[in-house]
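# Working through the structure, step by step
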Amino acid sequence: MKAAHPEANAVELWFQDEMRIGQKGTLTRVWAPRGKRAMAQRDLRFGYVYIFGAVCPARDTGAAIIMPGVNVAAMNEHLAEISRCVTPGAHALLVLDGAGWHPKSGLVVPSNITLEFLPPYSPEINPVEEFWHELRRRHFALRIFDTVEDVIDACCYAWNDAINNAGFIRSVTGFSWLPGLKPC
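Residues numbered from 1 in each chain as written. Predicted model: local features only at pLDDT ≥ 70, side-chain atom pairs only at ≥ 80, totals over all residues. Heavy atoms only, no water.

### Let's talk about the pairing of strand 4 (residues 91–96)
Of all six residues in strand 4, five are buried; the element is thus mostly enclosed. Pairing analysis gives five bridges linking strand 1 (residues 11–22) to strand 4, with the strands arranged parallel. Following the sheet pairing, F15 is matched in strand 4 by V95. For strand 4 and strand 5 (residues 113–117), the ladder comprises five bridges, and the chain directions are parallel. Bridge pairing links A92 to I113 in strand 5. (Buried < 20%, exposed > 50% of the residue type's maximum accessible area, 1.4 Å probe, protein only. Helix = DSSP H or I, 4+ residues; strand = E, 2+ residues; numbered from the N terminus. Pairing = 2+ DSSP bridges.)

### A closer look at the nonpolar core
F131, W132, L135 and F140 are the most contacted members of the largest nonpolar core, which totals 23 residues. For this core, the elements supplying multiple residues, two or more each, are strand 1, strand 2 (48–56), helix 2 (128–140), helix 3 (148–164) and helix 4 (168–173). Broken down by element, the residue count for this core peaks at six residues, all from helix 3. Excluding anything up to four places from it in sequence, L135 contacts M19, F140, A158, W159 and A162. By size, the runner-up hydrophobic cluster in this structure holds 19 residues, among which are W14, C56, I82 and A90. (Core = buried A, V, L, I, M, F, W, Y, C linked by side-chain atoms within 4.5 Å. Contact = heavy atoms within 4.5 Å.)

### A look at helix 1 (residues 72–85)
Under the 1.5 Å per step criterion, the end-to-end length of helix 1 is 20 Å for 14 residues, consistent within 8% with the ideal 20 Å. Residues A74, M75, N76, H78, L79, I82 and S83 constitute the buried set of helix 1. Summarising the contacts, the buried residues of helix 1 are in contact with strand 1, strand 2, strand 3 (61–67), strand 4 and strand 5. Measuring from the backbone nitrogen of A73 back to the side-chain oxygen at the start of helix 1 gives 3.2 Å, which picks out N71 as the cap. (Expected span 1.5 Å × (residues − 1). Polar contact = N/O pair within 3.5 Å; in protein donor to acceptor, adjacent residues only side chain to side chain.)

### Focus: the packing of aromatic side chains
In total, this model carries six aromatic pairs according to the counting rule given. When the centroid spacing of 5.3 Å and the interplanar angle of 80° are considered together, the rings of F131 and W159 count as edge-to-face. Taken together, the positions of F131 in helix 2 and W159 in helix 3 put the pair 28 residues apart, joining distant regions of the chain. We classify W159 as buried; its relative accessible area is 9%. Every member of this aromatic cluster is reached through a ring pair, and the members are F131, W132, W159 and F168. Here the basic side chain of R20 rests over the ring of Y48, its NZ or CZ set 4.6 Å away from the ring centre. (Phe/Tyr/Trp six-rings, centres within 6.5 Å; stacked < 30°, edge-to-face > 60°. Lys NZ or Arg CZ within 6 Å of the ring centre and 35° of its normal.)

### A short note on helix 3
Here helix 3 spans 24 Å end to end across 17 residues, near enough to the 24 Å set by a 1.5 Å rise per residue. The complete set of buried residues in helix 3 reads V151, A154, C155, A158, W159 and A162. Seen end-on, helix 3 carries its buried residues on one side only, within an arc spanning 130°. Residues of helix 3 that are exposed and point over 90 degrees away from its buried face: E149, Y157 and N164. Contacts from the buried residues of helix 3 go to strand 1, strand 2, strand 3, helix 2 and helix 4. (Arc of directions from axis to C-beta.)

Geometric descriptors of this kind do not, in isolation, establish any biological role.
Here is the structure:
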């Protein structure tokens, strides 16, 4: 990587994925007294948005945008946002899956990012999947949203809470096999 980009002072490892959040909500496990059934409200409306998110476990940071749908144009916007968040002078190796809106052609990849695609059907090796799991559990489970704007507000709050909580990203995405990370 360094040989391909000798102008880069450092190489940062980033992981990218998308998550759909909607009015329908997410169920989760909850405690209930023995013999009692836990009750939870569930909305059946279908308004939703997507969080395009990328995290850098070593720097404990990330970059995200919220979009109404998934397509190449939205992915290009997200790549531009990630590019702005890479340390000046550094180069990002961005690991992502092979979703239909991640085509190798058609994307406008900034000069400070190199894409590395995961093998098909291997979400378990993408650390950002654990990040999504934690966001759903902490911020979206057992919630009812009246409007899509409420969903967007909740997404912004959840992302900002994760970014501003020192050590959170590293704690949920810092897999032991990642280079340059000490165990959390």
